[in-house]
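Coordinates in review
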Amino acid sequence: MTPGTRPLSALLAAVLVLGFLLPGSSPAARDVAAELRREKGMLLEMKAREEKTASELTEALRKEKLAKGRVGELQERLRRQRRVLAGIDRRISSLNERLDRTEKAVRELEAAHGKTRDDLRTAVSAAFSRDLPGGGGDSLDPSARERLRYLMRVHLGEKIRRFQQIGRARERKEEELSGIERQVAVSERKMEQEKKVGETLLSRQEEERKRLAGIEREKKRKEKELKSLRARIARMESVVSRVERQVKERERRARETAARRGKGGASAGPGGTAPPAPPEAPRRFASLEGGLAPPLKGKIVSRFGRQHDPTFDVTIENRGVEIEAPSGAPVRSVGRGEVAFAGGVSGFGNVLIVQHGGGLFSVYGKLESFHVKHGEAVNRGTVLGRLPESPSGKSVLYLELRAGGTAIDPASAVPFDR
Amino acid sequence: MSETPSLWRIDWRLARGAIVREAIGRFFSLCFLGFTLLVILLSGAGTRYLAGRYAVTAVLRPDVSSAEAVGLAKKIADLPQVRSARYRDPEETWKEFLRAYPGLEALKEAGETPLPGTIEVRFRPERFNGSDIGVVSTALRSVSRVDQVLAGEEWLPGLLRAGRYASGLCWGVFGVFLLGHFLVIRLQERGRAAALAGDFAFLAERGVPQRRLSFSRAAAAAAAGGILAAAGTASGGGACVLLLRELPFLEGWIGPPAALLAPRTLAGAALFVLAAALLSGAASLLGFRAVRAGGK
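Residues numbered from 1 in each chain as written. Chains lettered and ligands numbered in written order. Predicted model: local features only at pLDDT ≥ 70, side-chain atom pairs only at ≥ 80, totals over all residues.

**With respect to the overall build of chain A**
Note the threshold: Put simply, DSSP H or I for four residues or longer makes a helix, DSSP E for two residues or longer makes a strand, and each gets a number counted from the N terminus. Backbone-placed C-beta atoms define the burial measure: a residue is buried with 20 or more other C-beta atoms within 10 Å of its own, exposed with 12 or fewer, and partly exposed in between. Any two residues are considered in contact once their C-beta atoms, placed from the backbone, lie within 7 Å.
Helix and strand content of chain A: four helices and 13 strands. By residue count, 28% of the 418 residues in chain A fall in the buried class. Of the contacts made within chain A by residues no fewer than 6 positions apart, 75% connect residues no fewer than 24 positions apart.

**So, the sheet that holds strand β11 (residues 383-386) of chain A**
All names here are of chain A. Cut-off, in case you're wondering: By definition, two strands form a pair when at least two bridges between them are found by DSSP.
Taken in spatial order, the three strands of this open sheet run β5-β11-β9, and their pairing is antiparallel. Across the chains shown, the open sheet's two edge strands, defined by having one partner strand only, are β5 (330-332) and β9 (369-370). Summarising the sheet, β9 and β11 pair through two bridges and their orientation is antiparallel. By the bridge assignment for β11, S369 is matched with R386.

**Comments concerning the interface of chain A and chain B**
Which entries qualify depends on this criterion: Under the scheme applied here, ten amino acids are nonpolar (Ala, Val, Leu, Ile, Met, Phe, Trp, Tyr, Cys and Pro), four are charged (Asp, Glu, Lys and Arg), and all others, including Gly, are polar.
Counting residues at the interface gives 22 residues for chain A and 23 residues for chain B. By residue class, the composition of the side of chain A that touches chain B is ten nonpolar, six polar and six charged.

**Some remarks on the pairing of strand β6 (residues 337-345) of chain A**
Residues and elements named next belong to chain A. As judged from the two bridges shared by β6 and strand β10 (residues 377-378), these two strands associate in the antiparallel manner. Across the sheet, the residue bridging to G337 is V378, located in β10. Pairing geometry for β6 and strand β7 (residues 349-357), over seven bridges, is antiparallel. Pairing of G344 across the sheet is with N350, part of β7.

**Regarding the nonpolar core**
Formally: We define the nonpolar core as any set of buried residues of the types Ala, Val, Leu, Ile, Met, Phe, Trp, Tyr and Cys, connected via C-beta atoms lying within 7 Å of each other.
Core analysis: the largest hydrophobic core is formed by 35 residues, its most contacted members being V331, V351, L352, I353, V354, Y364 and L397 of chain A. Going through the elements one at a time, β4 (321-326), β6, β7, β8 (360-367) and β12 (394-403) of chain A are the ones with two or more residues in this core. If near-sequence neighbours (up to four positions away) are discounted, V331 of chain A is found in contact with P295, L296, Y364, L367, L384, G385, R386, L387 and L397 of chain A. Within the second largest apolar cluster, 33 residues are counted, among which are F200, A224, I254 and L279 of chain B.

**Things to note about the environment of L109 of chain A**
Residues and elements named next belong to chain A. The residue L109 is located in helix α2 (residues 27-127) in this model. Residue classification places L109 among the partly exposed residues on the basis of 19 C-beta atoms within 10 Å. Once the C-alpha coordinates of L109 and G167 are considered, the two residues, 58 residues apart in sequence, prove to be 7.9 Å apart. Setting aside its immediate chain neighbours within four residues, L109 contacts I166, A169, R170 and K173.

**Points about helix α2 (residues 16-43) of chain B**
Stated formally: A helix's residues, less one, multiplied by 1.5 Å, set its expected span.
Helix length check: α2 of chain B (28 residues) gives 40 Å between terminal C-alpha atoms against 40 Å at 1.5 Å per residue, within 8%. Directly after α2 of chain B, the chain includes G44 of chain B, whose backbone phi takes a positive value near 65°.

**What about the environment of R402 of chain A?**
Its location among the elements puts R402 of chain A in strand β12. Placed 82 residues apart in sequence, R402 of chain A and G320 of chain A show a C-alpha to C-alpha distance of 9.2 Å.

**Concerning the sheet that holds strand β2 (residues 82-88) of chain B**
Residues and elements named next belong to chain B. For the record, the criterion: Lines are fitted to the C-alpha atoms to define the axes, a helix being fitted only along its stretch in contact, and any angle between axes, read from their N-to-C directions, falls within 0 to 180 degrees.
If you trace the four strands from one edge of the open sheet to the other, you get β2-β3-β1-β4, paired in antiparallel fashion. Single-partner strands in this sheet number two, and they are β2 and β4 (146-150). The mean inter-strand angle of the sheet, taken between neighbouring strand axes irrespective of direction, is 20°. Across four bridges, the pairing between strand β1 (residues 56-60) and β4 is antiparallel. For A58, the partnering residue across the bridge sits in β4 and is V149. Packing against the sheet, helix α4 (residues 66-77) makes contact with β1, β2 and β3 (118-123), and its axis sits at approximately 170° to β2.

**Some remarks on the pairing of β1 of chain B**
Residues and elements named next belong to chain B. Of all the five residues making up β1, five are buried; the element is thus mostly covered by neighbouring parts of the structure. Of the two faces of β1, both are covered, the one formed by V56, A58 and L60 as well as the one formed by T57 and V59. In this structure, β1 lies alongside β3, joined through four bridges in antiparallel fashion. By the bridge assignment for β3, V59 is matched with T118.

**Focus: the packing of α2 of chain B against helix α9 (residues 210-246) of chain B**
Residue and element names in this part refer to chain B. What counts here: Should an angle lie under 35 degrees it is considered roughly parallel, over 145 roughly antiparallel, and from 65 to 115 roughly perpendicular; all remaining angles are considered oblique. By definition, any crossing whose near helix is turned counterclockwise from its far helix by less than a right angle is left-handed, and any crossing with a clockwise turn is right-handed.
For the pair α2 and α9, the least separation of the axes is 7 Å and the interaxial angle reads 50°. On the basis of the axis angle, α2 is oblique to α9. In the crossing of α2 with α9, the sense of the turn from one axis to the other is right-handed. Together, A23, R26, F27, L30, C31, L33, G34, F35, L38 and V39 of α2 and A224, L228, A229, A231, G232, T233, S235, G236, G237, A239 and C240 of α9 make up the contact between the two elements. Within the contact of α2 with α9, the residues separate by chemical class into 14 nonpolar, six polar and one charged.

**With respect to the packing of α2 of chain B against helix α7 (residues 156-195) of chain B**
Think of two packed helices as two axes; the pair is described by the angle between the axes and how far apart they sit. All names here are of chain B. Two numbers describe how α2 lies on α7: the axes approach to 10 Å, and their chain directions differ by 170°. Considering the angle they form, α2 stands roughly antiparallel to α7. Residue-level contacts link A18, E22, R26, S29, L33, T36, L37 and I40 of α2 to C170, W171, F174, F177, L178, H181, I185, Q188 and R192 of α7. Considered class by class, the residues forming the contact of α2 with α7 number ten nonpolar, four polar and three charged.

**With respect to the confidence of the model for chain B**
To keep things clear, this is the line we draw: On a scale of 0 to 100, pLDDT captures the predictor's confidence in every residue.
In the predicted model, chain B carries a mean pLDDT of 85, and the fraction of residues at 70 or more is 94%. For this predicted complex, the interface confidence reaches an ipTM of 0.70, while the overall pTM sits at 0.52.

Dropping the structure here:
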């Protein structure tokens, strides 16, 4: 059931009253009828606006959902982005530590290289001096000199080997240093790129947030507008009800006037008219002749009374029920009566109203076609029309029962199949 | 026979004063010769010094332990050519190296491979020759723990040649001294024979054969020369001992005093005494004949 149900009910009531009043109406009655037509037009217009607003609100909600989804997705991407950035940052920190250690090692190796080079120079200078500085032990000991020369060769060889070893180690460390510096540069470039991506994501998120805020503002505006429209419709219903009461009151007065004229005629002569019939007392659907029959076989999918609408998250007042049935199924009259209205009503498609007398009406909405026409008498079970065709094979019938201007629960009056 | 004069002691009876003087002179001369001979014998005419200067160095591989090196040094020392074999561990080698190159103390770094251990092989002076050195060097090179053998192949022949020259020089000088000694005592014998020529003529007139007289005098001179040579050599040996005690550094050149009692030295001394006796006898005989042949 849509929020347009209440205005529809009021509209139907107004149409019924018009149906009663239009034949044999007085000028005052014609004024009321004109007022009712005007009010009906206004109601139809307001309902159309309400439906449009509701549709826009639905669209706004859909956009809001999409925008929230996009914001959530962007937030998730941003979280991933931050994790990636943190990972790169950790890697850069680790590389920087390695860089420091390697630089220190290179400095140490350079110092060792320099010291070894100096040692080597000193040793070479000592080795190639003309005389052994310490006298070489006994200068007349050629064996000692030979041994010392050999030891010097060994020492120099060791120094040269050490010098070359340190040089190679330094070259390796310098290569490692270059590699680490390249890695740091690559990581920093990657970090810059990721930061740019992150900034882009932030920018997009900000845009989406702004868009979401705009959508939310639009939604609130639409909700406010919808609320205002509903209030105006309610007021309009009140106006229509008042007019309905006025119509009834005039009808009662007309019957009383007719009765007095009847009495006057009777006293004036024997050929006077019969006394006026007492006003028809409101009846209950249960007291209808032949009882009530379900309009079709189906399942009630929307119940009577206050129901929660999950789309707008509001509580609405259903004046009737919706019955789901196979597409194209015939819709029958719930009881004996006369067709008071057959026409299109925005939001309800083709609507047919049957007057059962005594202030009892049954309203059938969302029909595909009519099989009866206005003013035609119908019996219980008479086919009034058919449900429309649908790709899903299921269609819905709107059924509303009104007694004395008040909507009652059809499920409590009509024996639906449970 | 009692009337026959003793020809052995005829010079002593006829010219006692001259004999004493000559004996004193010859003693000192023989002391000098004996001392020189002993020094040459002990020093091997310079060979001991050269042998002390020479050593074969076996450079060990770095993975040879000290125990292995000590065992190897002991085995080398047991070789008959070897006087000593001393093991120097790497630290000792490094210290020796630093003593030779005192400016390199700071060059040793922590963890640096030290210099290798070495075994210094020195030869006995009497085995200090090319063949023995070659045998030992070859034996050392065949040992797997030895990385290098430093035997001075480049300069060893020169060293050995210098040794030979020194030996020849020493023995030559000794020979000159001995010859001088012989010439001096020959002059003494001739002079004394000339001085006693009248007495010898008197004896010849009384039937004493000149030949017997000359041989008796020569025998007596040889005996006296041998005794004096023995005494002089002993004195020279004593002087040598005193010298080595007072100047120990000379042991490196001459040798230890204990080597004086070595059989080789004693045999050399005995030969010298014998030679001195023969030379004295020969000088007496030659001096007597010169007097008889030349008159004066």
